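Close look at the chain arrangement
Each chain, letter by letter, is given below.
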Amino acid sequence: MLIEKLHAFTSSRLAVIDFNATVQAAALSLSRPGIGLVVVCNAGGSAEGVLSKSDLVRHLTGPTSSTPPVSDLMCRSIVSCSPQDDVHDVWQTMAARRLQNIPVIDVGVRPLGILDIRDAMKVLFEQEEMQERMLFNYVTGLGYR
């Protein structure tokens, strides 16, 4: 199954913030239910980095009391996927890198959504259940009479 089939899930989790936004604005975005990652974009709408709840907590519990822009806290190396990627392949990348969320990015580097690892696992589990039912039906001769 392709990531694009999960658009209803991924688009609802998308949170975008401006490159020069404040830490408070990022915290407000990350405080919304279901949002674990914000995509930091430039004025043209292209993704420049990502900021997670963990990044924000690390900053707030650090020794500095400054309030830098989000661009100073974000991770510039974006691990992302495209709508044409396979869910299983993306899930493997997420599991290997211990990522809870991954942005879905188009060819123009514009964010389309955020894939949560739980959503990927749910879809993969449902696919396995369907294959198990189909195999059971085949072995028992159901539907083939």
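In the annotation of an unreviewed UniProt entry, the protein is listed under the name CBS domain-containing protein and assigned to Mesorhizobium ventifaucium.

1. Section: the pattern of salt bridges
Within this structure, the stated rule accounts for four salt bridges. Residues R58 and D55 are paired through a salt bridge, measuring 2.7 Å at the closest nitrogen-oxygen approach. Of this pair, R58 and D55 are both found in helix α3 (residues 53-60), three residues apart, which corresponds to roughly one turn of the helix. The class for D55 is buried, based on a relative accessible area of 16%. Among the ionic pairs, E126 bridges to K122, the shortest N-O distance being 3.3 Å. Placement of both E126 and K122 in helix α6 (residues 117-140) is noted, with a separation of four residues, approximately one turn of the helix. Exposure remark for K122: the relative accessible area of 45% places this residue in the partly exposed category.

2. Details of a nonpolar patch on the surface
Among the surface-exposed residues, L135, Y138 and V139 lie close enough to one another that they form a single nonpolar patch of about 370 Å² accessible area. Among the secondary structure elements, V139 is positioned in helix α6. Taking relative accessible area as the criterion, V139 reaches 63% and is therefore assigned exposed.

3. Side note on α6
Each α-helix winds once per 3.6 residues, and so residues spaced three or four apart point in a common direction. With 24 residues, α6 extends 34 Å from end C-alpha to end C-alpha; this agrees with the ideal 34 Å at 1.5 Å per step. Those residues of α6 that are buried are in contact with α1 (7-12), α5 (87-97) and β5 (111-116). For α6, the N-terminal capping position is held by D116, with its side-chain oxygen 2.7 Å away from the main-chain nitrogen of R118. G141 occupies a position one or two residues after α6 and carries a positive phi of about 80 degrees.

Cut-offs used in this document
- Residues numbered from 1 in each chain as written.
- Predicted model: local features only at pLDDT ≥ 70, side-chain atom pairs only at ≥ 80, totals over all residues.
- Heavy atoms only, no water.
- Salt bridge = Lys/Arg side-chain N within 4 Å of Asp/Glu carboxyl O.
- Helix = DSSP H or I, 4+ residues; strand = E, 2+ residues; numbered from the N terminus.
- Buried < 20%, exposed > 50% of the residue type's maximum accessible area, 1.4 Å probe, protein only.
- Patch = residues over 30% accessible without salt bridge, like charges linked within 9 Å, V, L, I, M, F, W, Y side chains within 5 Å.
- Areas by Shrake-Rupley, 256 points an atom, 1.4 Å probe, with all protein chains shown as cover.
- Expected span 1.5 Å × (residues − 1).
- Contact = heavy atoms within 4.5 Å.
- Polar contact = N/O pair within 3.5 Å; in protein donor to acceptor, adjacent residues only side chain to side chain.

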